[in-house]
2 protein chains.
Amino acid sequence: MNTDNVPQAPNETAETSNSGASPRAVDWENPRVAAILTAAAKCFSRSGFSSTTLAEIGKELGLRKSIVHYYFASKAALIHEVQSFTYRKFLDRVRTTLGAAHEGTGAARARRALEALWDALQADQTATGLNIEVWSAARRDPELKRRAASLQQDARQIIDEALNTAGDVIKRPNLEGLPTLVQAVLNGLSIAEVVEGEGVQAKKAYEAFLFILDQALKK
Amino acid sequence: MNTDNVPQAPNETAETSNSGASPRAVDWENPRVAAILTAAAKCFSRSGFSSTTLAEIGKELGLRKSIVHYYFASKAALIHEVQSFTYRKFLDRVRTTLGAAHEGTGAARARRALEALWDALQADQTATGLNIEVWSAARRDPELKRRAASLQQDARQIIDEALNTAGDVIKRPNLEGLPTLVQAVLNGLSIAEVVEGEGVQAKKAYEAFLFILDQALKK
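Residues numbered from 1 in each chain as written. Chains lettered and ligands numbered in written order. Predicted model: local features only at pLDDT ≥ 70, side-chain atom pairs only at ≥ 80, totals over all residues.

J.: Help me understand the overall build of chain A, please; the structure alone is not making it clear to me.
T.: Of the regular secondary structure elements, chain A holds nine helices and zero strands. Listing every helix and strand of chain A by position from the N terminus yields α-α-α-α-α-α-α-α-α. Looking at chain A as a whole, 46% of its 219 residues are labelled buried. Considering only intrachain contacts with a sequence separation of at least 6, the fraction spanning at least 24 residues in chain A is 60%. (Helix = DSSP H or I, 4+ residues; strand = E, 2+ residues; numbered from the N terminus. Buried ≥ 20, exposed ≤ 12 C-beta atoms within 10 Å, placed from the backbone. Contact = placed C-beta atoms within 7 Å.)

As structure tokens, then:
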């Protein structure tokens, strides 16, 4: 990439992002913005927020720090945007996979939807790493927390729809909390894999979850 | 506390902790060591590992930084020890609560054990905050990861025993992964609460889990 080009002005700066649940503060369609966000996700996921510098992120792309700075006024602004960018891409992939899993009915369909979610999460190690950084940093960064909460709600909405098209599952008494539970299982197992590696047999635990859910739904 | 006392030599330094799955590197029975570890847990849980200094931890107790340094040669050594100390205290409480829940049989007993685990985790917000810091930092600190993995395994052993005394639950086919699943649910829901606050209704999700487990175990 030629770092001597005068960068185009971003459509909006990250600082103006105060409207809506998930504001889209910068132009994700701008190839350079997308490249910076992708490189930043990789760096943050690998080294954590506090020890990653804008210069390092630029270096991944052969860009000077000043170019990164042009698009993202601060590391905080970049962190907020990277989180939304990475999670939205992840949710788009989940939606696509779930769309393809819309066959059969009832419990079998719910199982297929949950298997699709598992596969999507396993395939995206950068998103998993970034999530863990976000959970830690969100405890001290209200804007990050607000965005993380909004993204978690969006993900739960997708789970909710997948389970509901699978036969009004969560309208059953006692199962209201199921979308939150599914999300917790996926997040909790991704932590187990990070801390304990493959030895933890997260897949077996997920299969136990699908099994007990199946049993309960068949009643 | 009088900071002018010459501190007693610790039994071992944190640096010699290379044997066993969960080495006990410093003397937890020493009141000053225990006080430093408790204050450090509070500070780390509140501000994260990277922005907490040994001086701040000392300040919590009215101790000079040099005294903290006397017992813990580095912040890394203190982080490793705080994690083990806090998690062991948590597991001791869980064991006590589970001991008291040993009545009834089968599914009802499993349910009571799982309710005890939930209560123990809800009661200890410092441990929850510290866990999230550990999950993030363990990705870049092999010794922290090794200790975290060992503590997770200990916790799973306790869950395993609680479920097994409740009627050989996990010897059933398809339920091998149940202790890992229970742990993932608890960790995942503690994240949901941190990111989304009380609005997320983690308790309802946990009840959905107990409900589907009940249904499956009754078969």
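The rest of the description comes next.
J.: Hey, could you run me through the interface of chain B and chain A in this one?
T.: How big an interface is tends to be expressed through the accessible area that disappears when the partners come together. With 46 residues of chain B at the interface, the matching set in chain A holds 46 residues. The set of elements that each furnish at least two residues to the side of chain B that touches chain A consists of α6 (125–138), α7 (142–165), α8 (178–196) and α9 (202–218) of chain B. Per-element tally for the side of chain B that touches chain A: the top contributor is α8(B), with 14 residues. Tallied by class, the residues present in the side of chain B that touches chain A amount to 24 nonpolar, 13 polar and nine charged. (Nonpolar A, V, L, I, M, F, W, Y, C, P; charged D, E, K, R; others polar.)

J.: It is not clear to me how the nonpolar core should be interpreted in this structure. Could you clarify?
T.: The nonpolar side chains of a soluble globular protein tend to be buried, and buried together. L117(A), V185(A), L117(B) and V185(B) are the most contacted members of the largest nonpolar core, which has 136 residues in total. For L117(B), the residues in contact, after removing those within four places along its chain, are V94(B), I159(B) and L186(B). (Core = buried A, V, L, I, M, F, W, Y, C linked by C-beta atoms within 7 Å.)

J.: Help me out: how do you make sense of the relation of the copies chain B and chain A in this one?
T.: Superposition of the two copies of the chain requires a rotation about an axis together with a shift along that axis. Laying chain B over chain A is done by rotating through 180 degrees and shifting 0.0 Å along the axis; what remains is an RMSD of 0.0 Å. Within this description, the copies of the chain are treated as partners about a two-fold rotation axis. No C-alpha of chain B lies nearer the rotation axis than that of G188(B), which sits 2.1 Å from it. (Least-squares fit on C-alpha atoms with pLDDT ≥ 70 in both.)

J.: Honestly, helix α8 (residues 178–196) of chain A in this entry has me stumped. Any pointers?
T.: Side chains that are three or four residues apart share a direction in an α-helix, a result of its 3.6 residues per turn. With 19 residues, α8(A) extends 26 Å from end C-alpha to end C-alpha; this agrees with the ideal 27 Å at 1.5 Å per step. Within α8(A), 19 of the 19 residues are buried, which leaves it mostly tucked inside the rest of the structure. (Expected span 1.5 Å × (residues − 1).)

J.: Help me understand the environment of A41(B) in this model?
T.: All names here are of chain B. Following the sequence through the fold, A41 ends up in helix α1 (residues 31–47). A tally of 22 C-beta atoms within 10 Å means that A41 is categorised as buried. Along the backbone, A41 and Q83 are 42 residues apart, and their C-alpha atoms lie at a distance of 7.7 Å.

J.: Just checking my understanding: could you explain the packing of α1(B) against helix α2 (residues 54–61) of chain B for this structure?
T.: A pair of packed helices can be characterised by two numbers: the angle between their axes and the separation between those axes. Residue and element names in this part refer to chain B. α2 packs onto α1 with a crossing angle of 115 degrees between their chain directions and a minimal axis gap of 9 Å. Relative to α2, the crossing made by α1 is right-handed. Contacts from A35, I36, A39, A40, K42 and C43 of α1 reach α2 at E56, I57, E60 and L61. Class assignment of the residues belonging to the contact of α1 with α2 gives a composition of seven nonpolar, no polar and three charged. (Axes fitted to C-alpha atoms, helices over the stretch in contact; angles between N-to-C directions. Left-handed = near helix turned anticlockwise from the far one by under 90°.)

J.: I'm lost on the packing of α1(B) against α6(B) in this one. Help?
T.: All names here are of chain B. At a minimum axis distance of 8 Å, the contact between α1 and α6 shows a crossing angle of 60 degrees. Between α1 and α6 lies a crossing of left-handed hand. Mapping the contact onto sequence places A41, K42, F44 and S45 in α1 and T126, G129, L130 and E133 in α6. Split into classes, the residues belonging to the contact of α1 with α6 amount to three nonpolar, three polar and two charged.

J.: Before we go on, may I ask you to explain the confidence of the model for chain A in this structure?
T.: Parts of the prediction with low pLDDT should not have their coordinates interpreted in detail. Residues and elements named next belong to chain A. Of all residues in chain A, 82% attain a pLDDT of 70 or more, and the chain-wide mean is 82. With pLDDT under 50 throughout, residues 1–24 is counted as low confidence; its partners more than four residues away or in other chains account for 37 contacts. Predicted complex, confidence summary: ipTM 0.84, pTM 0.84. (pLDDT = per-residue confidence, 0-100.)

J.: Where do I start with helix α2 (residues 54–61) of chain A in this structure?
T.: Residues and elements named next belong to chain A. Considered for burial, the residues of α2 that qualify are L54, I57 and G58. Down the axis of α2, the buried side of the element spans an arc of 100 degrees, and every buried residue falls inside it. A positive backbone phi angle near 70 degrees is found at G62, which sits one or two residues after α2. (Arc of directions from axis to C-beta.)

J.: Teacher, can you tell me more about the environment of V82(B) here?
T.: All names here are of chain B. Here V82 is to be found in helix α4 (residues 75–100). Along the primary structure V82 and L130 are separated by 48 residues, whereas in three dimensions their C-alpha atoms are 8.9 Å apart. Apart from residues no more than four positions distant in its own chain, V82 is found in contact with L37, A40, A41 and F44.

J.: Which parts of the structure should I look at to understand the environment of S190(A)?
T.: All names here are of chain A. Turning to its location among the elements, S190 is positioned in helix α8. Sequence-wise, S190 and I132 are 58 residues apart; in three dimensions their C-alpha atoms are separated by 9.1 Å. Setting aside residues up to four positions removed in sequence, S190 forms contacts with L121 and T128.

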